[in-house]
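Structural description and commentary
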Amino acid sequence: MKLCMIGTGYVGLVSGVCFSDLGNDVICVDHDKKKVEKLKRGIIPIYEPGLEELVLKNYTNKRLKFSTDLKDSISNSDIIFICVGTPSKKNGNGADLSQIYNVAKEIRGSISKFKIIITKSTVPVTTGDEIEKIISQKVSKKLFSVVSNPEFLREGEAIRDFIYPDRVIIGTMDKKSNNVLKNLYSPLISKGTKYVNTSRRAAELIKYASNAFLATKITFINELANLCEKIDVNIEDISIGMGLDKRIGGRFLRAGPAYGGSCFPKDTKAIINTADKFKTNLSVIKSVIKSNDNRSSLLLKRVFNILNGNVKNKKICFLGVTFKANTDDMRDSASLSMIPSLVKKGAIVNYFDPTGEKYDLKKLKNVNFSKNINSAIRDANLIIIHTEWNDFKSINFKKEVKSKNFIIFDMRNIYSHTKMKELKIKYFGVGH
Ligand code: UGA
């Protein structure tokens, strides 16, 4: 099939490359000329394991193309995926849909035969209705169909999540479009992926509801971790014990720092905004947002307690600063609020991240980037394991850390308490 992905950000690029790998002809179009030129030379703008290889493979075999010509790309495609950003509005109230609507206006100028127009970007309920309205001002409704097909890709696992999704959600009441899309996804369906056809509005809401539920699950276990710390119970036991109940499930029950990234913080706020518009109180999600906003200051308090209130001139090492492992993304990472607070109190922070030095931390006084793990931890009084990269999972702290009585605060619980006790290392985890 001939597909056009509008927007070569995370969603557009990963989905476009994977669709081409499934045998489709895909044009990824973006108005950013420099980005497109780089992509043509195999330079990938984001860090995503496996993506570069897949781009090179499909670009070389000519199933994947990159272009800045939107009109031409639309004319030459049957299915158009809108994959532009829907960031939070500057005033924090809901999603900024200006890019989506601008694209809808551009699309309507290039339709001369039937096109399926799909929103893959995360868009609030009724956005599809609005896109349909915009396009139908200039184009007959017989010539297009607007469908919602939300993505459920995790950064760092995006290719795997595309190829082996739990489900594909298609929001349309148009039988013809549904059949075409079922066919497009048939290589995944034949491997066991569930295909769910809903109304367009339902598909839009499924995306927000899923992210909000996952954020709730994490927040639930994070709050229980706070209780566990006070009653000498290990949160890991609770996660395992609860997670084995199939109605609950063990995934996304790992206690840690505040959840971050480009999706959960933005989407939880956006669903509240939608509910407000329809005069509905989503009180559970509201309290999840509040609890998560509080989490970094709670963990900072714990850092102060661990250091007996003595933070001034303490050398604190952060292992990993991104919002989670296997990504270079700093958006809404808990480290962005914790590190400045610690240096404000007089700490000296050294950090190492496998994806390199971070622009957001460069401007901070007394915050330094170390080129490797060993130099980052060497002189540390306190080592904070902030993300769960494999690189951090078997460090010989006894050998590498030179400071006396150093302490480890493992915010991802990747080490065993018992082993640390045997090694006589002062070790704290989250939730025990
Ligand atoms: C999330 C969803 O998981 C994807 O399904 C969705 O497609 C994506 O948002 C999106 O809307 O585009 P992502 O933001 O890449 O994906 O990252 P996650 O792996 O979901 O992690 C989000 C945050 O939750 C991270 O800060 C992570 O450290 C935290 N987390 C996750 C926990 O603290 N505990 C867990 O058990 C799981």
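Residues numbered from 1 in each chain as written. Predicted model: local features only at pLDDT ≥ 70, side-chain atom pairs only at ≥ 80, totals over all residues. Heavy atoms only, no water.

1. Some thoughts on the packing of aromatic side chains
On inspection of all chains with the given rule, the structure shows eleven aromatic pairs. Taking 5.6 Å as the distance between ring centres and 35 degrees as the angle between the ring planes, the aromatic pair formed by tyrosine 59 and phenylalanine 66 counts as tilted. Taking relative accessible area as the criterion, tyrosine 59 reaches 28% and is therefore assigned partly exposed. Ring centres of phenylalanine 352 and phenylalanine 369 lie 6.5 Å apart, and the angle between their planes is 15 degrees; on these two criteria the pair is classed as stacked. Pair noted here: phenylalanine 352 is in strand S10 (residues 348-352) and phenylalanine 369 is in strand S11 (residues 367-369), with a separation of 17 residues, a long-range link. Feature note: the residues Phe19, Phe81, Phe162 and Tyr185 constitute an aromatic cluster, connected by ring pairs. (Phe/Tyr/Trp six-rings, centres within 6.5 Å; stacked < 30°, edge-to-face > 60°. Buried < 20%, exposed > 50% of the residue type's maximum accessible area, 1.4 Å probe, protein only. Helix = DSSP H or I, 4+ residues; strand = E, 2+ residues; numbered from the N terminus.)

2. A closer look at the site of the ligand
Around the ligand there are 19 residues in total, and Glu151, Glu155, Lys207, Asn211 and Cys263 lie nearest to it. At 3.3 Å from an oxygen atom of the ligand is found a main-chain nitrogen or oxygen belonging to phenylalanine 152. One nitrogen or oxygen atom from the main chain of phenylalanine 323 is found 3.2 Å from an oxygen atom belonging to the ligand. For the ligand, the accessible surface in isolation is 720 Å², of which the surrounding protein chains cover 94%. For the shell around the ligand, the element with the highest residue contribution is helix H10 (residues 200-231), accounting for three residues. Residues that form the shell around the ligand fall into these classes: nine nonpolar, two polar and eight charged. (Near = heavy atom within 4 Å. Polar contact = N/O pair within 3.5 Å; in protein donor to acceptor, adjacent residues only side chain to side chain. Areas by Shrake-Rupley, 256 points an atom, 1.4 Å probe, with all protein chains shown as cover. Nonpolar A, V, L, I, M, F, W, Y, C, P; charged D, E, K, R; others polar.)

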